[in-house]
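These are the residues of each chain, in order.
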Amino acid sequence: MIMWKLIKKRIRRKIVKEEKLSVFKWLVLLPQFDPATSAWGNCAEKFLNEKYEGFEYVVLRGEDVVPNKVYDALRDPAVIGISSLSVGHGERCGFTGYELIVIFSCGDPNNILLKDKSFGACSCNVGGGLLPDMANNYGLGAGTGEITEYWIVTNRQGNEADPAYWFVDANFEFDRALMQGYTAEEAYQRMLQRYEENAK
């Protein structure tokens, strides 16, 4: 896992100062169109029940996880980033949504919509090219990206018996920590620790 361009200030203070908002929103992308994204999505739905004061989730599911709808959601000044409850297939320079439709790619001007926001979606390989591109060229504040990630789909019920549940739980630690006032660097370390704990 890789962390790019860490936010030095606490995200809540930064946004309160700039936008004077009372509620901050995480954009959650759950395309749920194949076994992997469906397994993740079933588990992520459970974690949407975790509530943190001053934060709420905007969830796009299935056919709604397409470029125009994602871009429209990111234009809301209250949206602080793409939640780590999100999932999408990825490659070195691309992140996809429903039916493998590319949403973000290296050099795409729409990446500016993530300026000063975070990107925590689980997506293979994006840390190798896409996230550095967005950080260097479009001001992405913080992002996590796996070289690759595998989980075994067992019961597809989204409960603790499904190994995917423990991946979602660990990835979501990034958002949890930010919502509790930790810096992005601290949140990233907490996420790594959660992955290690859940692997035991």
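Quick note: structure is the one above.
Residues numbered from 1 in each chain as written. Predicted model: local features only at pLDDT ≥ 70, side-chain atom pairs only at ≥ 80, totals over all residues. Heavy atoms only, no water.

Asker: Quick question: what am I supposed to make of the state of the cysteines here?
Answerer: Each disulfide is one covalent bond, formed between the sulfur atoms of two cysteines. Inspection of every chain in the model, using the stated rule, returns one disulfide. Each disulfide pairs two cysteine sulfurs, and for Cys93 the partner residue is Cys106, the sulfurs being separated by 2.0 Å. In this structure, the disulfide formed by Cys93 and Cys106 twists by about -85° around the S-S bond and is classed as left-handed. Within this pair, whereas Cys93 is found in the loop between β5 (90-91) and β6 (94-96), its partner Cys106 is found in the loop between β7 (102-105) and β8 (118-119), the two being separated by 13 residues in sequence. Judged by relative accessible area, which is 27%, Cys106 ranks as partly exposed. (Disulfide = S-S within 2.5 Å. Helix = DSSP H or I, 4+ residues; strand = E, 2+ residues; numbered from the N terminus. Buried < 20%, exposed > 50% of the residue type's maximum accessible area, 1.4 Å probe, protein only.)

Asker: It is not clear to me how the sheet that holds β7 should be interpreted in this structure. Could you clarify?
Answerer: Pairing between sheet strands relies on hydrogen bonds along the backbone, with the strands arranged either parallel or antiparallel. The three strands are arranged β5-β6-β7 in an open sheet whose pairing can be described as antiparallel. The strands lining the two open edges of the sheet, one partner per strand, are β5 and β7. Here β5 runs beside β6; their pairing, made up of two bridges, is antiparallel. By the bridge assignment for β6, Glu91 is matched with Gly94. (Pairing = 2+ DSSP bridges.)

Asker: How should the pairing of strand β2 (residues 24-30) be read in this particular structure?
Answerer: Residues in a regular strand point their side chains to alternate faces of the sheet. When you tally the buried positions in β2, you get seven out of seven residues, the bulk of the element. Of the two faces of β2, the one lined by Phe24, Trp26, Val28 and Leu30 and the one lined by Lys25, Leu27 and Leu29 are each fully buried. Two strands pair when backbone bridges link them, and β2 and strand β3 (residues 55-61) are joined in this way by seven bridges, in the parallel orientation. Each bridged residue has a counterpart across the sheet, and for Leu30 the counterpart in β3 is Arg61. What joins β2 to β3 is helix α2 (residues 35-47), and the crossover it makes is right-handed. Where β2 and strand β4 (residues 79-82) come together, three bridges link them in parallel fashion. When the bridges of β4 are listed, Lys25 appears paired with Val79. (Right-handed = clockwise from strand over helix to strand, strands pointing away.)

Geometry only, nothing functional implied.
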